[in-house]
Amino acid sequence: MGAILLVVLLTACGLPLGGPSRHLVERAIELQLQQTQAALNQQLRLGVQPTDLTIKRVLIAEQTPITIEDLNAFRVRGTYNITTKLPTRQITEQQNPFQVYLQRQKEGKTWRLARLQVDENGEPTWVTQRLP
């Protein structure tokens, strides 16, 4: 009876069993933003350190189970608020949309952020990185 109640509660909350937690999704968004910022700084040759980013109010609207390289994964969509600390001021943006792909490892203890990229032959390939 208790297991059935747990399944009903998780389904009612919109969270599939075994899916990533809100905290894990927050870490994935933060890592993805830091990497994007570093790549832009390098491309633009800005020579500046990445700014201090704070992610808050992650609202998960959808978690879709998928498979990435024969491992269970989820495409997670929703919105988040971000505060960026600059040298002279602080900027807060609300309800930014996000989409992240999170791959659960075989042992089920760790997660990886997955990104679909194009290799040197023009073929799509998944690149994954362990979440800290």
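Predicted model, so just to flag it, every value in this text is computed and none were measured.

Q: Where do I start with the environment of isoleucine 60 in this structure?
A: Examined against the element boundaries, isoleucine 60 turns out to sit in strand E1 (residues 52-68). Considered as a pair, isoleucine 60 and arginine 22 are 38 residues apart in the sequence and their alpha carbons are 7.4 Å apart. Apart from residues no more than four positions distant in its own chain, isoleucine 60 is found in contact with Arg22, Val25, Val76, Arg77 and Gly78.

Q: Got a minute to help me understand the confidence of the model for the protein in this structure?
A: When pLDDT drops low, the exact placement of atoms in the prediction is not to be read closely. For the protein, mean pLDDT is 84; residues scoring 70 or higher make up 83% of the total. Here residues 1-16 is a poorly scored stretch, pLDDT under 50, and it has six contacts once near neighbours within four places are set aside; other chains count.

Q: Quick question: what am I supposed to make of the pattern of salt bridges here?
A: A side chain with one charge may pair with a side chain of the opposite charge, provided their charged atoms come close. On inspection of all chains with the given rule, the structure shows two salt bridges. Among the ionic pairs, glutamate 62 bridges to arginine 75, the shortest N-O distance being 3.0 Å. Of this pair, glutamate 62 sits in strand E1 while arginine 75 sits in strand E2 (residues 71-85), and the two are 13 residues apart along the sequence.

The rules behind these values
- Residues numbered from 1 in each chain as written.
- Predicted model: local features only at pLDDT ≥ 70, side-chain atom pairs only at ≥ 80, totals over all residues.
- Heavy atoms only, no water.
- Helix = DSSP H or I, 4+ residues; strand = E, 2+ residues; numbered from the N terminus.
- Contact = heavy atoms within 4.5 Å.
- pLDDT = per-residue confidence, 0-100.
- Salt bridge = Lys/Arg side-chain N within 4 Å of Asp/Glu carboxyl O.

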